[in-house]
Amino acid sequence: MDNTIVFIPTYNERDNIGPLIDEIKAIGGDPGILVVDDDSPDGTWRVVEEKAARYAGVHLLRRRGERGRGGAGIAGFKRAIELGASRIVEMDGDGQHDPAAIPLMLKAIESNDVVLGSRFMPGGTDSERSLTRRVVSAFARRYINSVLGLKLSDPTTGYRCFRKTALEAIGLKNLRSKDQFIVTEMLYSCSRAGLKIGEVPIAFRRRKSGSSKLGAAALTKYLIRVILLRSRG
Ligand SMILES: Nc1nc2c(ncn2[C@@H]2O[C@H](COP(=O)(O)OP(=O)(O)OP(=O)(O)O)[C@@H](O)[C@H]2O)c(=O)[nH]1
Ligand SMILES: [Mg+2]
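Conventions adopted
Residues numbered from 1 in each chain as written. Chains lettered and ligands numbered in written order. Predicted model: local features only at pLDDT ≥ 70, side-chain atom pairs only at ≥ 80, totals over all residues. Pairing = 2+ DSSP bridges. Helix = DSSP H or I, 4+ residues; strand = E, 2+ residues; numbered from the N terminus. Axes fitted to C-alpha atoms, helices over the stretch in contact; angles between N-to-C directions. Contact = placed C-beta atoms within 7 Å. Parallel < 35°, antiparallel > 145°, perpendicular 65-115°, else oblique. Left-handed = near helix turned anticlockwise from the far one by under 90°. Nonpolar A, V, L, I, M, F, W, Y, C, P; charged D, E, K, R; others polar. Core = buried A, V, L, I, M, F, W, Y, C linked by C-beta atoms within 7 Å. Buried ≥ 20, exposed ≤ 12 C-beta atoms within 10 Å, placed from the backbone.

1. Considering the sheet that holds strand β1 (residues 4–10)
So, point 1. Sheet architecture is open: seven strands sit in the order β3-β2-β1-β4-β6-β5-β7, paired in mixed fashion. If you trace the sheet from one side to the other, it starts and ends with β3 (58–62) and β7 (197–201), each paired once. Ignoring which end each strand starts from, the neighbouring axes of this sheet average 20° apart.
So, point 2. Of the strand pairs in this sheet, strand β5 (residues 114–118) and strand β6 (residues 160–163) are connected by three bridges, and their pairing is antiparallel. Looking across to β6, one finds that L116 is bridged to R160.
So, point 3. The strands touched by helix α3 (residues 69–82) within the sheet are β1, β2 (32–37), β3 and β4 (87–90), with β1 carrying the most contacts at an inclination of about 160°.

In structure tokens form, the structure reads like this:
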């Protein structure tokens, strides 16, 4: 896994990040790990510092005075490239993304520019949730594909692998989202840049601890922003 960096944005993931780093280290191939933490009040960064002292190739970018999944994403990809990565895996730090899929993604990136970890293609699994949430999520996927002109089984996944050249093609400085919407903005940019986007199945796990941040109001806002993204072109 030469030149591979696994990038994890974190905010208040103290109880999740340590076991996740251990799991990534256990998959073999020894990819580098970069955690971008926005000075989490729960001290997530402290756990990462401890892991960095124990394992080679674990890096912490602690952003002070700045907060937001969008900025953390841009800073993370930038730092990963500075660290010499030619392939960057992006995954959540809450334990929902199983590191077991990393080798599969790295295999698939050999013939793609971007690889998405999909919960909804054959072989993938979603963590069981209420029927309402499943229906809403199925609608959201269709909606995003239709508005953005995509044909992906899981366009909202935050578990993905990018070639460095894909990040250069979209230009990180062109990304505007300050929050979680960056995931969708990047995907659309990749598609607009004509990049080859592949998908591999992943098993999605339940959030290990901490809280979810997506409610009905946030979902409505998100769907409107997808249209705005499209109209911005
Ligand atoms: N650095 C940084 N990371 C963040 C920020 N907000 C969220 N994250 C991290 O981004 C990842 C995804 O956030 P989640 O809250 O899990 O969002 P989600 O997976 O869409 O939704 P739920 O898991 O259902 O809450 C997690 O690792 C978070 O800790 C932020 O402002 N800064
Ligand atoms: Mg999550």
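2. Some remarks on the packing of helix α5 (residues 131–148) against helix α8 (residues 216–232)
So, point 1. At a closest axis distance of 9 Å, the pairing of α5 and α8 adopts a crossing angle of 10°. In terms of orientation, α5 and α8 fall into the roughly parallel class. When you trace α5 past α8, the crossing you get is right-handed. Residues V136, A140, Y143, I144, V147 and L148 of α5 form the contact with α8, whose participating residues are L219, L223, V226, I227 and R230.
So, point 2. Partitioned by chemical class, the residues of the contact of α5 with α8 number 10 nonpolar, no polar and one charged.

3. Things to note about the packing of helix α1 (residues 14–26) against helix α2 (residues 44–54)
So, point 1. Relative to each other, α1 and α2 sit at 20°, their axes nearing to 8 Å. With respect to α2, the element α1 is oriented roughly parallel. In this structure, the crossing between α1 and α2 has a hand that is right-handed. Residue-level contacts link R14, I17, G18 and I21 of α1 to T44, V47, V48 and K51 of α2.

4. Thoughts on the nonpolar core
So, point 1. Among the nonpolar cores identified, the biggest contains 50 residues, and V6, F7, I33, I88, V89 and M105 are the most heavily contacted of them.
So, point 2. With sequence-adjacent residues up to four places away left out, I33 is seen in contact with V6, I8, I21, I24, G57, V58 and H59.

5. Description of the environment of Q96
So, point 1. Within the secondary structure layout, Q96 lies in the loop between β4 and α4 (102–108).
So, point 2. With 21 C-beta atoms packed within 10 Å, Q96 lands in the buried category.
So, point 3. Along the backbone, Q96 and L34 are 62 residues apart, and their C-alpha atoms lie at a distance of 17 Å.
So, point 4. For Q96, the contacting residues outside a window of four places in its chain are F204, R205 and R207.

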